[in-house]
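Commentary on secondary and tertiary structure
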Amino acid sequence: MSAVPPREFQEALTAVLPNMRAFARSLTRSPDQADDLVQEAIVKAWRSWHQFAPESNIKAWMFTIVRNAHLSERRKRKYEVQ
């Protein structure tokens, strides 16, 4: 297993970026927060690329990562002192 994802994974990830940004904006209602969320999701996907099954839907996989990252951030903010 190589440390760098295969080219097919990189291309598929790049192709789904506009969809990820739109989904993140719908969750956050903020372009800046959406961009941060997408960036975090890309980092998580890049670290876990070997867990992605090539025959599965990368868009659905990435949307799940974006959603989970968003929910984690909301939970974390819940306990922050203003």
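Scope of this entry: the structure provided in the associated data block. (Residues numbered from 1 in each chain as written. Predicted model: local features only at pLDDT ≥ 70, side-chain atom pairs only at ≥ 80, totals over all residues. Heavy atoms only, no water.)

With that out of the way, let us pick up the overall build of the protein chain. In terms of regular secondary structure, the protein chain is built from four helices and zero strands. The order of helices and strands in the protein chain, counted from the N terminus, is α-α-α-α. Principal-axis analysis of the C-alpha atoms gives the protein chain an extent of 45 × 25 × 20 Å. For the protein chain, the residues scored as buried account for 26% of the 82 residues in total. (Helix = DSSP H or I, 4+ residues; strand = E, 2+ residues; numbered from the N terminus. Buried < 20%, exposed > 50% of the residue type's maximum accessible area, 1.4 Å probe, protein only.)

In this section: the pattern of salt bridges. In the structure shown here, the tally under the stated rule is five salt bridges. With a shortest N-O distance of 3.4 Å, glutamate 73 and lysine 76 are connected by a salt bridge. Pair noted here: glutamate 73 and lysine 76 are both in helix H4 (residues 58-78), with a separation of three residues, about one helical turn. On the accessibility criterion, glutamate 73 (23% relative accessible area) is partly exposed. When the shortest N-O distance is used, the salt bridge between glutamate 73 and arginine 77 registers 3.3 Å. On the criterion of helical spacing, the pair formed by glutamate 73 and arginine 77 is a turn pair, its members being four residues apart in helix H4. Here the salt bridges do not stand alone but share partners, grouping Glu73, Lys76 and Arg77 into one network. (Salt bridge = Lys/Arg side-chain N within 4 Å of Asp/Glu carboxyl O.)

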